[in-house]
Amino acid sequence: MEYWNGTAETMPREDLERWQWRRLRRALDHARHSSPFWAERIPDGITSMADYTERMPLLYKADLLAAQQAAPPYGTWPSLDPALGVRHHQTSGTSGNPPVRTFDTERDWKWITDTFCTALYNNGVRSHHKGLVSFGYGLFAGFWGMHYALERIGCTVVPAGGLDSRTVVRLLVDYGIEVLGLTPSYAMRLIETAGEMGVDLARDANVQIILAGAEPRSDFTTHTIEQAFGARMFNAAGTTEFGAVFMFECPSRRNACHIIEPTVIEEVLHPETRQPVGYGEEGVRVTTGLWRESMQLFRHWTEDIVVKRPYSECGCGRTWDFLDGGILRRVDDMRKIRGVSVTPVMIEDVLRSFPEVTEFRSSIRTVRGLDTVHVQAEAGGISGEAAQALCARIAGEFKREIGIRPQVELAPPGSLPRTKWKAARLHDERHLAHA
């Protein structure tokens, strides 16, 4: 087993915990003296990690937005003068809330790059590889860190964010790209485009490693992408608020997403009681950053549902605990429909199980006073009785797997939106009925 940083990745847990406590004390001291926002929130005299998790209040997105609005654009949150920032980013806004704005210093970017190096190197990326990064090179932090990490490892980088999908497919084939970074949704779009071009990605291209992030995905989606590319797809996740990647999927155990613990403290709390849950129990991820100097994060309630497991269950030699399956779903993505909890990933699981479906969109509407799921699916040129039969099969599978029978219709080929960013495929339109 090779590691990007063997000392950090295999240090005994006692040493790791001492390291985290030293970094946390330093981070708290920096924030208390440099950030008006944190000076009001950090309790005096925190003496241990247990004391910290007991007394430090949880931080919610609404708190950050309120601090930001107090003195735009960054508000009272920063721990450094924004003039020291070398880059501005902000959250994608797919949840419908105002974006959280951040900046990073040059030192921050060295740390951000190193977290991506940890993920990429441990997923098998080496200096002789060619990497293509396909996402919108804009305000969304996305895969910026991956671009710089590929360069640091020594790879040749093709930044394909501004290119159309047909050109991206041609680049994959013509340059023999081995490493691909993108969202799962855009990977599905490339598969569709390649099919239209008569390109068999598994045969004609040379992609070996796919790093996919920015959105949860179903097992069907993972299987479909890997089969189409003939490559292994790895999971990774980061947030704009935190600033970097905080987990990566271990190559030796499927779905074991190791937490990069020297840079972050990850708690898992019950979504209602806010109390810690044990290994193997679902809860909300609460994160504390240990390295970022510009905009610090302490006990941030992320809305991410996760299950943490001990490092010893993986067997790769790393002493970092892992999230089983990564980010499973988000609390704020869950919708209650006639007493049934429904998430976008649950819907994706059903729709992706039909190979005829190339894209889909779902919405929740009120029909004659009853909450109803409406599904639009693209399925090539299927029409007539075959279309009706497919809609009936989708509705039946939806009912069996989720417990609700939706309204299903086929959309014209190419009519549903595609994106390189986070895909929003479940839209709650119930409020429109009362507008």
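On a predicted model such as this, the values are computed, not experimentally measured, just so you know.

Here we look at the pattern of salt bridges
Reasoning step 1: All told, the structure shown has 23 salt bridges when counted by the stated rule.
Reasoning step 2: Among the ionic pairs, Arg-299 bridges to Glu-267, the shortest N-O distance being 2.8 Å. Here the residue Arg-299 occupies a position in the loop between β11 (282-289) and β12 (300-309), and Glu-267 occupies one in strand β10 (residues 264-269), the gap between them amounting to 32 residues. Comparing Arg-299 with Glu-267 shows no difference in burial state: the two are buried.
Reasoning step 3: Salt bridges here are not isolated pairs; linked through shared partners, they connect Arg-13, Glu-261 and Asp-321.

Describing the packing of aromatic side chains
Reasoning step 1: The final tally for this structure, using the stated rule, is 11 aromatic pairs.
Reasoning step 2: Here the aromatic rings of Tyr-74 and Phe-103 are separated by 5.0 Å at their centres, their planes lie at 65°, and the arrangement is edge-to-face. Of this pair, Tyr-74 sits in the loop between α5 (61-70) and β1 (87-90) while Phe-103 is found in strand β2 (residues 101-104), placing the two residues 29 residues apart along the sequence.
Reasoning step 3: Exposure remark for Phe-103: the relative accessible area of 1% places this residue in the buried category.
Reasoning step 4: On the numbers, 5.6 Å between centres and 75° between planes, the contact of Trp-109 with Tyr-148 is edge-to-face. Here the residue Trp-109 occupies a position in helix α6 (residues 106-122), and Tyr-148 occupies one in helix α7 (residues 144-153), the gap between them amounting to 39 residues.
Reasoning step 5: Taking relative accessible area as the criterion, Trp-109 reaches 11% and is therefore assigned buried.
Reasoning step 6: On the accessibility criterion, Tyr-148 (27% relative accessible area) is partly exposed.
Reasoning step 7: Grouped by ring-pair contacts, the aromatic residues Phe-37, Trp-38 and Phe-298 constitute a single cluster.
Reasoning step 8: Lying across the ring of Tyr-121, Arg-126 places its NZ or CZ 3.6 Å from the centre.
Reasoning step 9: The side chain of Arg-274 reaches across the aromatic face of Trp-301, ending 3.9 Å from its centre.

Overview of helix α11 (residues 219-229)
Reasoning step 1: For α11, every residue scored as buried is listed here: Thr-221, Thr-222, Ile-225, Glu-226, Ala-228 and Phe-229. With its buried residues spanning 165° around the axis, α11 presents them on a single face. What points out from α11, more than 90 degrees from its buried face, is the exposed set Asp-219 and Gln-227.
Reasoning step 2: Just beyond α11, the residue with positive phi is Gly-230, at close to 65°.

Considering the environment of Asn-235
Reasoning step 1: Among the secondary structure elements, Asn-235 is positioned in strand β7 (residues 232-238).
Reasoning step 2: Remark: the alpha-carbon pair of Asn-235 and Gly-213, spanning 22 residues in sequence, is separated by 6.1 Å.

Some words on the nonpolar core
Reasoning step 1: By size, the foremost hydrophobic cluster in this structure holds 68 residues, and its most contacted members are Trp-38, Met-146, Leu-150 and Phe-298.
Reasoning step 2: Looking at this core element by element, the count peaks at eight residues for α6.
Reasoning step 3: Setting aside chain neighbours within four positions, we find Phe-298 in contact with Leu-24, Ala-27, Leu-28, Ala-31, Trp-38, Tyr-52, Met-56, Pro-57, Leu-59, Thr-287, Thr-288 and Gly-289.
Reasoning step 4: With 26 residues, the next largest nonpolar core counts Val-169, Leu-182, Ala-205 and Phe-229 among its residues.

Some remarks on helix α9 (residues 184-197)
Reasoning step 1: With 14 residues, α9 should reach 20 Å at 1.5 Å per residue; the first-to-last C-alpha distance of 20 Å fits that figure.
Reasoning step 2: Residues of α9 that are buried include every one of Pro-184, Ser-185, Tyr-186, Ala-187, Met-188, Leu-190, Glu-192, Thr-193 and Ala-194, and no others.
Reasoning step 3: Gly-198, located one to two residues past α9, shows a positive phi value of around 75°.

A few points about unusual backbone geometry
Reasoning step 1: Looking along the chain, the bond that leaves Pro-72 and enters Pro-73 is cis, with omega of 5°.
Reasoning step 2: Here Pro-73 is to be found in the loop between α5 and β1.
Reasoning step 3: Although it is not a glycine, Asn-255 adopts a positive phi angle of roughly 70°.
Reasoning step 4: Mapped onto the secondary structure, Asn-255 falls in the loop between β8 (245-249) and β9 (256-259).
Reasoning step 5: Using a relative accessible area of 32% as the deciding quantity, one classes Asn-255 as partly exposed.
Reasoning step 6: Positive phi, normally seen in glycine, also occurs at Arg-299, with a value near 55°.

About the thresholds
- Residues numbered from 1 in each chain as written.
- Predicted model: local features only at pLDDT ≥ 70, side-chain atom pairs only at ≥ 80, totals over all residues.
- Heavy atoms only, no water.
- Salt bridge = Lys/Arg side-chain N within 4 Å of Asp/Glu carboxyl O.
- Helix = DSSP H or I, 4+ residues; strand = E, 2+ residues; numbered from the N terminus.
- Buried < 20%, exposed > 50% of the residue type's maximum accessible area, 1.4 Å probe, protein only.
- Phe/Tyr/Trp six-rings, centres within 6.5 Å; stacked < 30°, edge-to-face > 60°.
- Lys NZ or Arg CZ within 6 Å of the ring centre and 35° of its normal.
- Arc of directions from axis to C-beta.
- Core = buried A, V, L, I, M, F, W, Y, C linked by side-chain atoms within 4.5 Å.
- Contact = heavy atoms within 4.5 Å.
- Expected span 1.5 Å × (residues − 1).

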